[in-house]
Amino acid sequence: MKKIWNSLSILSRYYITSFLSFFICWGILSVIGLNYLDTLFFILAFIWHFTLLTPGLKEKMLVSKQRFSFLNVIVRINYYLQLFIKIERFPFGPSLIRAISPLVFTFMLMVVGGNGNMLFTILGSACFEVSYYLWNKKPTSTTSTPPDDLETPPAIPTAENSRE
């Protein structure tokens, strides 16, 4: 089993571990019997964090010219938040910065649409970050520091457009 796991790509391992933790958390919420909208706000925050930490997606969105993509907006908002808000002395600072944008989105939904639940947005963010930390924790490490987070944004890469 370990041999098969090591033969998988980094992206495949990320998808398997993230979806496994998603279905575990979603199963717990289904057993509790929550309101449909509360479950949706939990899923919104969980998938938002899942998207931001997908390997290679940030670089692809910052280089390509997908101006009208909501995914591009999500990645760029997180990129600029990481640039301007620097919480490096706090061990889980990047996790808190990633949680700002789904909270703002939920707040906007509450103001415009009248429905929204910040508690389940926070819960979805926390569940993903905890599961991400537990899956990526090194077994030989005895300290309680977060995994190496590559969320410190570099300069936006430039792509040369060739019209061949």
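Nothing here was measured: the structure is a model prediction, and the numbers come from that model.

K.L.:
If you had to explain the overall build of the protein to someone new, which residues and values would you point to?
P.N.:
A count of helices and strands for the protein gives seven helices and zero strands. Mapped from its N terminus to its C terminus, the protein presents α and β elements in the order α-α-α-α-α-α-α. Across the 164 residues in the protein, those meeting the buried criterion constitute 32%. Taking the contacts inside the protein whose residues are at least 6 apart along the sequence as the reference set, 61% of them involve residues at least 24 apart. Total accessible area on the protein is roughly 11,000 Å²; 67% of this is exposed by carbon and sulfur atoms.

K.L.:
Outline the side chain of Ser 125, supporting the account with residue identities and numerical values.
P.N.:
Relative to the assigned elements, Ser 125 resides in helix α7 (residues 118–136). Excluding its chain neighbours within four sequence positions, the residues that come into contact with Ser 125 are Ala 45, His 49, Ala 99 and Pro 102.

K.L.:
I'd like to hear about helix α6 (residues 93–113), residue by residue, with values.
P.N.:
Look at α6: 31 Å from first C-alpha to last across 21 residues, which is about the 30 Å you get at 1.5 Å a residue. All of the buried residues in α6 are Gly 93, Ser 95, Ile 97, Arg 98, Ala 99, Ser 101, Pro 102 and Thr 106. Next to the buried residues of α6 lie α3 (36–52), α5 (70–84) and α7. Positive backbone phi, at 90 degrees, marks Gly 114, one or two positions downstream of α6.

K.L.:
So, a nonpolar patch on the surface: which residues are in play, and what are the values?
P.N.:
Together, Leu 11, Tyr 15, Phe 19, Phe 23 and Trp 26 make up a nonpolar patch on the protein surface, roughly 460 Å² of accessible area in all. You can see Phe 19 is positioned in helix α2 (residues 10–32).

K.L.:
Describe the pattern of salt bridges, listing the residues and the values that go with them.
P.N.:
According to the stated counting rule, one finds one salt bridge in the structure shown. Between Arg 98 and Glu 129 there is a salt bridge; the shortest N-O distance is 2.9 Å. Separated by 31 residues along the polypeptide, Arg 98 in helix α6 and Glu 129 in helix α7 bring together distant segments of the chain. Grouping residues by exposure puts Arg 98 and Glu 129 together as buried.

K.L.:
Any chance you could break down the packing of aromatic side chains for me, citing the residues and the numbers?
P.N.:
Considering all chains together, one arrives at 17 aromatic pairs under this definition. On the numbers, 6.3 Å between centres and 50 degrees between planes, the contact of Tyr 14 with Tyr 15 is tilted. A relative accessible area of 8% means that Tyr 14 is categorised as buried. Accessibility expressed as a relative area gives 33% for Tyr 15, which makes it partly exposed. Here Tyr 14 and Tyr 132 contribute two aromatic rings whose centre-to-centre distance is 6.4 Å and whose plane-to-plane angle is 75 degrees, an arrangement assigned as edge-to-face. Of this pair, Tyr 14 sits in helix α2 while Tyr 132 sits in helix α7, placing them 118 residues apart in sequence. Each member of the pair Tyr 14 and Tyr 132 is classed as buried.

K.L.:
So what's going on with α2? Which residues, and what values?
P.N.:
Between its first and last C-alpha atoms α2 spans 33 Å; for 23 residues at 1.5 Å apiece the expected length is 33 Å, and the two agree. Listed in full, the buried residues belonging to α2 are Tyr 14, Thr 17, Ser 18, Ser 21, Phe 22, Cys 25 and Leu 29. Looking at the buried residues of α2, the elements they touch are α1 (2–7), α3 and α7. Following α2 by one or two positions, Gly 33 adopts a phi angle in the positive range, close to 80 degrees.

K.L.:
So what's going on with the environment of Phe 46? Residues and values would help.
P.N.:
Checked against the element boundaries, Phe 46 lands in helix α3. Separated by 81 residues in sequence, Phe 46 and Cys 127 place their C-alpha atoms 7.1 Å apart. Each residue touching Phe 46, except ones within four places of it in the same chain, is listed here: Ser 18, Ser 21, Phe 22, Cys 25, Gly 124, Cys 127, Phe 128 and Ser 131.

How each quantity is defined
- Residues numbered from 1 in each chain as written.
- Predicted model: local features only at pLDDT ≥ 70, side-chain atom pairs only at ≥ 80, totals over all residues.
- Heavy atoms only, no water.
- Helix = DSSP H or I, 4+ residues; strand = E, 2+ residues; numbered from the N terminus.
- Buried < 20%, exposed > 50% of the residue type's maximum accessible area, 1.4 Å probe, protein only.
- Contact = heavy atoms within 4.5 Å.
- Areas by Shrake-Rupley, 256 points an atom, 1.4 Å probe, with all protein chains shown as cover.
- Expected span 1.5 Å × (residues − 1).
- Patch = residues over 30% accessible without salt bridge, like charges linked within 9 Å, V, L, I, M, F, W, Y side chains within 5 Å.
- Salt bridge = Lys/Arg side-chain N within 4 Å of Asp/Glu carboxyl O.
- Phe/Tyr/Trp six-rings, centres within 6.5 Å; stacked < 30°, edge-to-face > 60°.

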